[in-house]
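# Chain and residue survey
Here is how the chains run, residue by residue.
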Amino acid sequence: MHLCNMYLSITNHINNYITPSAIDLQLFNAVLTETSIPKGQFLSLPSAIVKHEYFVVKGCLKAYYSDDKGHRHIIQFAIENWWIGDFDAFYNQIPSLLHIEAIEDSKLLSISYNNLQKIYTEAPIFERYFRILTTKAFIAQRKRILSTLEKNTQERYLEFCHSYPNIEDRVPNYDIANYLGVSPENLSRVRRQLKG
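What comes next is a walk through the structure. (Residues numbered from 1 in each chain as written. Predicted model: local features only at pLDDT ≥ 70, side-chain atom pairs only at ≥ 80, totals over all residues. Heavy atoms only, no water.)

### Let's talk about the nonpolar core
Keep this limit in mind: Think of a nonpolar core as a cluster: buried Ala, Val, Leu, Ile, Met, Phe, Trp, Tyr and Cys residues, connected wherever their side-chain atoms sit within 4.5 Å. Accessible area is worked out with a 1.4 Å probe on protein chains only. A residue is then buried under 20% of its type maximum, exposed over 50%, and partly exposed in between. We count a stretch as a helix when DSSP gives it H or I for four or more residues in a row; a strand needs E for two or more, and each element gets its number in order from the N terminus. Whether two residues touch is decided by their heavy atoms; if any such pair falls within 4.5 Å, the residues are in contact.
Counting 26 residues, the largest nonpolar core has Phe-28, Trp-83 and Phe-126 as its most contacted members. The biggest single contributor to this core is helix α5 (residues 125-150), with 5 residues. Contacts of Trp-83, omitting those with residues within four sequence positions, involve Ile-10, His-13, Phe-28, Glu-53, Tyr-54, Phe-55, Gln-76, Ala-78, Ile-111, Tyr-129, Phe-130 and Leu-133. With 19 residues, the next largest nonpolar core counts Tyr-64, Ile-79, Tyr-179 and Val-182 among its residues.

### Focus on the sheet that holds strand β6 (residues 83-84)
For clarity, the cut-off: Pairing between strands is defined by DSSP: at least two bridges between the two strands are required.
Strand order across the open sheet formed by 4 strands is β1-β8-β3-β6, with antiparallel pairing between neighbours. Both edges of this open sheet fall to β1 (33-37) and β6, since each of them pairs with a single strand only.

### Things to note about unusual backbone geometry
One non-glycine residue with positive phi stands out, namely Gln-93, at about 50°. According to the relative accessible area criterion, Gln-93 is partly exposed, its value standing at 35%. Even without glycine at this site, Asn-166 takes up a positive phi of about 65°. Looking at where Asn-166 falls in the secondary structure, it is placed in the loop between α6 (153-163) and α7 (173-180).

Structure below.
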């Protein structure tokens with residue numbers, strides 16, 4: 001993917017939320033680092049100190065927690081134009097609890113914790129950008145919790161498809177089922193009913 005396209009992608013994303021000056025954008029883009037990660041590789045592992053947040057330019061990743069019985073609990077998927085990371089570990093500079101794994105070959109832009117703090121000082125409008133994203137993420141998480149409590153598998157799956165357009169063809173059925181908190185068999189049945 002051409003360098004300009006990578007930065008065009010994040011610039012368009014930013015412009016959906018704030019209106020930075022050309023200088024603000026230049027300062028922000030200057031502290032981003034390009035990262036490529038092949039399918040099946042890990043971006044982050046538990047107990048690591050999280051130094052970066054990642055913007056997905058191309059690809060698909062998942063973040064999950066493994067409990068002490070070895071069961072995986074998928075917290076988030078990230079596709080094009082999503083940010084991913086262990087945000088608790090990143091912002092609080094504590095060891096991570098999450099695995100972040102590439103489901104597809106992925107191209108990312110990353111920002112380090114120190115550079116983010118620097119940007120907040122040099123281009124304060126980006127504090128607003130990240131505050132908006134954090135608020136949206138908090139609301140989405142609250143909706144997901146309520147959805148798990150109130151809605152059936154079909155309703156939850158349809159919400160999932162709305163949140164992650166076209167991801168159902170990119171992610172294994174068992175990962176989507178895990179994210180929704182249902183059995184793969186139950187999800188397969190719902191998907192068949194919706195297609196029928």
